[in-house]
Amino acid sequence: MSNTEQHEELSPDRLPFDSVFSTVFNGWAFDRRAADGTCGPADSDAVRLIWLKNIGRDGVIAEPDPEVDDWRNDAPERFRLRAGDILLSSVISGRPKAALVQESDLPAVAVRSLFVLRPAKSLSPEHARLILAFLRSDTVGDLAAGSSGQQHLRLSQLKALDLPNEDQALSAALADLAAAGQRLGAMAAEAGALAESVFDRSGSPEEARRLIITTGQLTRLRSVAAAQLDDPDFIVRTRYPYPIALRWRNVEAQKSANSQDDAQVKEYAAVLKAAETLLGYSALLTTALAHEAGITCKAIRAFKKKIATGPGGPGFGDWQRILQQIATAEGMSRLPLEHPLHELAVFLADDEAEAACRSLGTKRNSKAHGREDLPAVSAAKLKEAQDGLRFLLDRARFLADLQLLDVTNVVWDPHEQSDTVTFRRLMGDHPVVPTENLCYAGPERIGHILYLADRDQGLHPLSPFLTCEKCKHCAALSLFHADKEEGVLLQTSLDHGHFYPYEGDERALRAVGLQ
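Here we summarise the structure given alongside this text. Not measured: the values here are computed from a predicted model.

A word on the sheet that holds strand β9 (residues 114-119). If you trace the four strands from one edge of the open sheet to the other, you get β2-β9-β5-β7, paired in antiparallel fashion. A single partner strand is all that each edge strand has here, and the edge strands are β2 (21-26) and β7 (98-100). In this sheet, neighbouring strand axes are inclined to one another by 20° on average, regardless of whether the strands run parallel or antiparallel. Alignment of strand β5 (residues 86-89) against β9, held across four bridges, turns out to be antiparallel. For L88, the partnering residue across the bridge sits in β9 and is F115. On the sheet, helix α3 (residues 125-135) packs against β2, β5, β7 and β9 and is oriented at approximately 160° with respect to β7.

Once that is clear, we can look at the packing of helix α9 (residues 232-239) against helix α10 (residues 242-256). Here α9 crosses α10 at 135°, and the two axes come no closer than 7 Å. With respect to their mutual orientation, α9 and α10 come out oblique. You can see that α9 and α10 cross each other, and the crossing is left-handed. Residue-level inspection shows D233, V236 and R237 of α9 in contact with α10, the latter providing A245, W248, R249 and E252. Of the residues that constitute the contact of α9 with α10, the class distribution is three nonpolar, no polar and four charged.

As a further point, take a negative patch on the surface. Residues D13, D167, E338 and D456 make up a contiguous surface patch of negative charge. Inspection of the secondary structure puts D456 in the loop between β16 (450-453) and β17 (459-461). A residue is classified by how much of its surface remains accessible, and D456, at 43% relative accessible area, is partly exposed.

Parameters and conventions
- Residues numbered from 1 in each chain as written.
- Predicted model: local features only at pLDDT ≥ 70, side-chain atom pairs only at ≥ 80, totals over all residues.
- Heavy atoms only, no water.
- Pairing = 2+ DSSP bridges.
- Helix = DSSP H or I, 4+ residues; strand = E, 2+ residues; numbered from the N terminus.
- Axes fitted to C-alpha atoms, helices over the stretch in contact; angles between N-to-C directions.
- Contact = heavy atoms within 4.5 Å.
- Parallel < 35°, antiparallel > 145°, perpendicular 65-115°, else oblique.
- Left-handed = near helix turned anticlockwise from the far one by under 90°.
- Nonpolar A, V, L, I, M, F, W, Y, C, P; charged D, E, K, R; others polar.
- Patch = residues over 30% accessible without salt bridge, like charges linked within 9 Å, V, L, I, M, F, W, Y side chains within 5 Å.
- Areas by Shrake-Rupley, 256 points an atom, 1.4 Å probe, with all protein chains shown as cover.
- Salt bridge = Lys/Arg side-chain N within 4 Å of Asp/Glu carboxyl O.
- Lys, Arg positive; Asp, Glu negative; His and termini not counted.
- Charge placed at Lys NZ, Arg CZ, Asp CG, Glu CD.
- Buried < 20%, exposed > 50% of the residue type's maximum accessible area, 1.4 Å probe, protein only.

Have a look at this one:
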């Protein structure tokens, strides 16, 4: 089979190497013993030599250092680098190094321990980011051969590779991760510089201590905040959607009230309510997103039928079945890989998640129907419920990236052809949050309803499956869903459980099959 035929059989997310890079060559193997070409950076025709040591693991080429770097004025033109070239280590220890040459790195040539990969056409920043990540991977590193201390990659092996095609979602995720790493690196550098300057402005330990405490306060606060993000409880309380975060705060509050005689019973009840809210919120998101995408499944149809014609509303088992069945729903394969439904589809997609749900569901039903076997909840039973909830919360960490937005105002700008949207970001355990603004130029006009913002800032309407309004009973801003009791249409709060007759526009329910 010819190379062309092999390339034609590649999946759409892969590209043959020679379709991306038109030229690949080894760096300049100059004669290090010849001193004639050695010069300084200010000399005529001076070109910087880029060595493997000049490339960081983060893919950044170190800035020129006139005191340390090597400069030559006899570098052949064919070896001179261009902006957009990619440098890859041919000598590998650990993972390969790869870097994108920027205009600020020039004039320069790479030396023999580096490959120069010249694109056939200019690569977009997103595509270059993906290719760099691939070239730094073990997939490429494992091709190198030689002793464990110094392994070599051959040009023939490199040219036989298939490269990743453009993928906006993956590239955006890599960019976010790189930006986070740069911010953390900048904070670490700031702390180091502050420590090194302790005696620059004062000779006494007392004055130095005062300056460090004053100027280092922000750095210390950043460190404390960063350390909290290693605590799963803190992440749920501050970064998960409001209904889930509030229910978790209630669990923590009951846990701290250990001086009360019935503390374990109350904590147990709070854990079960938190589990049901987690599944209910996730299932309602799934139903709203599926409706928007024109997708359904047996469990979603059963849920809608309960609201439309049934005597009672949905429960723990209904939420669980929606989350378990959506993965195999017809039409899921048509959705882009970055669509949030795919993450919801794998939330409960294994035996361990099934077991956790079954255990929590049994406990919830036993408590709701008065079938508890003890007047007080045993420590073992409480721990089992806690462990199940924590497991599911950890599985649902993707919800922290899917922002819940309550739109309060929309202003259309006819000149920019976009909406200025004012909203509340309902993430974390408190509903009183500052309003924010964003500019939205999507295909659909924005309404004064609840939206889910995905990682690419696409907005997905959640109404009427989920609505946001002040509760009639407690006046707290709450999330509601349509419910049923003895044939009466209700709206029930996910975050605190208050309910009363449905007060919204029932035409919206009929439009989505809930009436």
